[in-house]
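Results of the structural survey
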Amino acid sequence: MSPDRSTIVSVRKIIHVDMDAFYASVEQRDNPQLRGKPVAVGGSAARGVVAAASYEARAFGVHSAMPSVTAKRKCPDLIFVPPRFDVYRQVSHQIREIFAEYTPLIEPLSLDEAYLDVTENLKGMEIATEIALEIRAKIKGATGLNASAGISYNKFLAKMASDLNKPNGQAVITPKNGPGFVEALPVKKFHGVGPATAERMQRHGIETGLDLKSKSLQFLQTHFGKSGAYFYGIARGIDERQVRADRIRKSVGAEDTFVEDIDDFDLAKAELRPLVEKVWRYCEAHDISAKTVTVKIKYSDFSQATRSRTVATAVPDSETILDVAEPLLASVFPFRRPVRLLGVTLSSLSSKESEHEPQLALEL
């Protein structure tokens, strides 16, 4: 019996395109003297943070969100370059225009990566791997930059596939080999599983996708809350999330769950900076301003508190956000329990270019 046509059509074709070391690669493209050298985009000052690192720098263990002093210690010859977000936005716009030649279903995750649903594409092309090859070639021709891509039948696996042959490569995970791929994958490499979650999984005997698959839905929901159903699905190669074009967010935030709980105020305060830097980079990259700063504190018993402040005018830089966030944290000290998680969220967002433009899509 021949396969049912509706079954064939229902298999989605998702591409995750991820630019290789985007900010650093733009700087190396525009300044030949930086090519082949370890480059970090960010501030070199004592309290600076690396926003992006070239592959030459990554070879020394330098990565984004690393304190600049640590990066310099790992790579003494590291060259720091200040970010040029106006240029990165221009290049990102070029890349989005290429995506739009193939599909209107584009979900940007940041300036340098996006999901594309090419199941029904504007070119009438049947093979998603060929679409990905074309897109990567057009990006190279238009911008001089390399992109990697992952192709699969859902977003989770497309994202995982885009890392398999980096840099300047692509990989496909088919419906046939998807479940087996996930079973063999260490959970610490799962997109969406951070170090603290991976450690919690390991305490429950979950080291691989196969271990995760062996746990019931009830078990995962009990121990991992709202994420439990998502983990249950991806352990089986299932991810029903749609590619959402023009996704609208009312806020942008970042949070970190600590491997060990914190009860010291100075240690907690120090953890605010990388969170602030992360959300501010998104604001700069997308030309977004914000007026409300919220600090979230989750305690060891999973109870939580939030403190917010709205300022009269949009915050101009990360130091101003930190100046608002630190007193908010101080307002709950002494902590009633050790702190297991801190988060920083910016809201009351608006475009710097025009208050009447649609809000930009953000995801951290």
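Residues numbered from 1 in each chain as written. Predicted model: local features only at pLDDT ≥ 70, side-chain atom pairs only at ≥ 80, totals over all residues. Heavy atoms only, no water.

1. Describing the overall build of the protein chain
- Counting secondary structure elements, the protein chain contains 14 helices and 14 strands.
- For 364 residues, the compact-globule estimate of 2.2 N^0.38 gives 21 Å, and the C-alpha radius of gyration of the protein chain, at 21 Å, lies within 12% of that figure.
- Taking the principal axes of its C-alpha atoms as reference, the protein chain extends roughly 70 × 55 × 45 Å.
- Counting all 364 residues of the protein chain, 47% fall into the buried class.
- Pairs at least 24 apart in sequence give 64% of the contacts found in the protein chain among residues at least 6 apart.
- Total accessible area on the protein chain is roughly 17,800 Å²; 51% of this is exposed by carbon and sulfur atoms.
- With 48 positive and 46 negative side-chain charges, the protein chain shows a spacing of 2 Å between the two charge centroids. (Helix = DSSP H or I, 4+ residues; strand = E, 2+ residues; numbered from the N terminus. Rg over C-alpha atoms; globule rule 2.2 N^0.38 Å. Buried < 20%, exposed > 50% of the residue type's maximum accessible area, 1.4 Å probe, protein only. Contact = heavy atoms within 4.5 Å. Areas by Shrake-Rupley, 256 points an atom, 1.4 Å probe, with all protein chains shown as cover. Lys, Arg positive; Asp, Glu negative; His and termini not counted. Charge placed at Lys NZ, Arg CZ, Asp CG, Glu CD.)

2. Concerning the UniProt feature "site: Substrate discrimination" (unreviewed entry) in the protein chain
- Using the residue numbers shown here, the UniProt feature "site: Substrate discrimination" (unreviewed entry) corresponds to Tyr-23.
- Inspection of the secondary structure puts Tyr-23 in helix H2 (residues 22–30).
- Residue Tyr-23 is classed as buried on the basis of its relative accessible area of 13%.
- When neighbours within four sequence positions are excluded, Tyr-23 is seen to be in contact with Val-41, Ala-51, Ala-52, Phe-85, Tyr-88, Leu-111 and Ala-285. (UniProt positions renumbered as here; feature names shortened; annotations may be inferred.)

3. Here we look at the packing of helix H11 (residues 217–224) against helix H12 (residues 227–234)
- H12 packs onto H11 with a crossing angle of 135° between their chain directions and a minimal axis gap of 7 Å. Taken as axis vectors, H11 and H12 run oblique relative to one another. H12 is crossed by H11, and the crossing has right-handed handedness. Residue-level inspection shows Leu-217, Leu-220, Gln-221 and Phe-224 of H11 in contact with H12, the latter providing Ser-227, Gly-228, Ala-229, Phe-231 and Tyr-232. (Axes fitted to C-alpha atoms, helices over the stretch in contact; angles between N-to-C directions. Parallel < 35°, antiparallel > 145°, perpendicular 65-115°, else oblique. Left-handed = near helix turned anticlockwise from the far one by under 90°.)

4. Things to note about H2
- Judged by how many residues are buried, H2 sits mostly within the fold: seven of nine residues are covered.
- Along H2, the residues classified as buried are Phe-22, Tyr-23, Ala-24, Ser-25, Val-26, Glu-27 and Gln-28.

5. What about helix H13 (residues 265–285)?
- In a regular helix each residue adds 1.5 Å, so 21 residues correspond to 30 Å; H13 covers 31 Å between its end C-alpha atoms and thus fits that length.
- Measuring from the side-chain oxygen of the N-cap residue of H13 to the backbone nitrogen of Asp-266 gives 3.1 Å; that N-cap residue is Asp-264.
- Asp-287 sits one or two positions beyond H13 and adopts a positive phi of about 55°. (Expected span 1.5 Å × (residues − 1). Polar contact = N/O pair within 3.5 Å; in protein donor to acceptor, adjacent residues only side chain to side chain.)

6. Description of the packing of aromatic side chains
- One pass over the structure, following the stated rule, counts ten aromatic pairs.
- Residues Tyr-23 and Tyr-88 carry aromatic rings whose centres are separated by 4.4 Å and whose planes lie at 5° to one another, so their mutual orientation is stacked. Of this pair, Tyr-23 sits in helix H2 while Tyr-88 is found in helix H5 (residues 85–100), placing the two residues 65 residues apart along the sequence.
- Look at Tyr-88 and you get buried, because its relative accessible area is 0%.
- Between the aromatic rings of Phe-333 and Phe-335, the centroid separation amounts to 5.1 Å while the plane-to-plane angle is 85°, which identifies the pairing as edge-to-face. (Phe/Tyr/Trp six-rings, centres within 6.5 Å; stacked < 30°, edge-to-face > 60°.)

7. A look at the nonpolar core
- Leu-272, Ile-297, Leu-329, Phe-335, Leu-342 and Leu-346 are the most contacted members of the largest nonpolar core, which has 35 residues in total.
- Taken together, the elements giving at least two residues each to this core come down to strand E9 (251–262), H13, strand E11 (292–299), helix H14 (318–330) and strand E13 (339–347).
- Tallying contributions element by element places H13 first for this core, with nine residues.
- Residues in contact with Phe-335, not counting those within four places in the same chain, are Ile-262, Asp-263, Asp-264, Phe-265, Ala-268, Tyr-299 and Leu-329.
- Counting 34 residues, the second-largest nonpolar core is a separate cluster that includes Phe-99, Met-125, Ile-135 and Ile-151. (Core = buried A, V, L, I, M, F, W, Y, C linked by side-chain atoms within 4.5 Å.)

8. A closer look at the sheet that holds strand E3 (residues 50–53)
- Strand order in the open sheet made by the three strands is E3-E2-E4, with mixed pairing throughout. Strand pairing shows two members of the sheet lacking a second neighbour, E3 and strand E4 (79–81), which therefore form its edges. Adjacent strand axes in the sheet meet at a mean angle of 30° when their direction is disregarded.
- Here strand E2 (residues 39–42) runs beside E4; their pairing, made up of three bridges, is parallel. Looking at the pairing, Val-39 lines up with Ile-79 of E4. (Pairing = 2+ DSSP bridges.)

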